[in-house]
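Okay, here's what each chain looks like letter by letter:
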Amino acid sequence: MTSARRLREFWESRQPREQRVLRVGAGSLLLLLIWLLLIEPAIEGRSYWQQALPRLRGQLAQMRAIASEIAALPARPASAPAVDFSRASLERTLKDKGLPVQSLTVSDSGVTAHFVNVNLTALMEWLQQTQSSERLIVNEASITARDHPGRVNARLNLQRAQ
């Protein structure tokens, strides 16, 4: 027996009054679903966009004004001017972090430093500080763990950031 046939038998076994009640119930359910799935979301969406659109248009106007100001600025070279770093400033920052340096070589192109038995956390903090303040970046690094946790030997080659 197919489900369509079962449904037909169910329907035909109902009294005309029951059929009318079922039709009204099904119609009401259909109207409720149409309202919940189609009409109400459209009304809410329209209300939201009526409120949001003026704000978004204002933001667009601001972005266009800023873009025109940027376009009017004179062109500058892409690279920032070189930041001068000195042996004294590097030694001072190393001393502030408590990092004894075995050897420190400073040249125009960068810095080479060799550390023995230093705290890894302090070394990483110094590298972060050096990147931001001296505009030096790590070109090559060799870090070897020591017997004590958190202690390392390191050889670093830093170069001027472009």
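Residues numbered from 1 in each chain as written. Predicted model: local features only at pLDDT ≥ 70, side-chain atom pairs only at ≥ 80, totals over all residues. Heavy atoms only, no water.

**Student:** Explain the overall build of the chain here, please?
**Tutor:** The secondary structure content of the chain amounts to four helices and four strands. Written out in order from the N terminus, the α and β elements of the chain read α-α-α-β-β-α-β-β. A globule of 162 residues ought to have a C-alpha radius of gyration of about 15 Å, yet the chain, at 37 Å, is considerably larger. If one aligns the C-alpha atoms of the chain with their principal axes, the spans along those axes are about 100 × 55 × 25 Å. When the 162 residues of the chain are sorted by exposure, 16% land in the buried category. The contacts in the chain between residues at least 6 apart in sequence include a share of 49% that link residues at least 24 apart. Of the roughly 12600 Å² of accessible surface on the chain, 56% is carried by carbon and sulfur atoms. (Helix = DSSP H or I, 4+ residues; strand = E, 2+ residues; numbered from the N terminus. Rg over C-alpha atoms; globule rule 2.2 N^0.38 Å. Buried < 20%, exposed > 50% of the residue type's maximum accessible area, 1.4 Å probe, protein only. Contact = heavy atoms within 4.5 Å. Areas by Shrake-Rupley, 256 points an atom, 1.4 Å probe, with all protein chains shown as cover.)

**Student:** Any chance you could explain the sheet that holds strand S3 (residues 136–145) here in plain terms?
**Tutor:** Sheets are built from strands that pair by backbone hydrogen bonding, the pairs being arranged parallel or antiparallel. The strand order S1-S2-S4-S3 describes an open sheet built from four strands, whose pairing is antiparallel. Two strands lie at the open edges of the sheet, namely strand S1 (101–106) and S3, each paired on one side alone. Adjacent strand axes in the sheet meet at a mean angle of 15 degrees when their direction is disregarded. Relative to strand S2 (residues 110–119), S1 runs antiparallel, the two sharing five bridges. When the bridges of S2 are listed, Val-101 appears paired with Phe-115. Sitting on the sheet, helix H3 (residues 87–96) is in contact with S1, S2 and S3, with an inclination near 155 degrees to S1. Lying on the sheet, helix H4 (residues 120–133) is in contact with S2, S3 and strand S4 (151–160); it crosses S4 at an angle near 10 degrees. (Pairing = 2+ DSSP bridges. Axes fitted to C-alpha atoms, helices over the stretch in contact; angles between N-to-C directions.)

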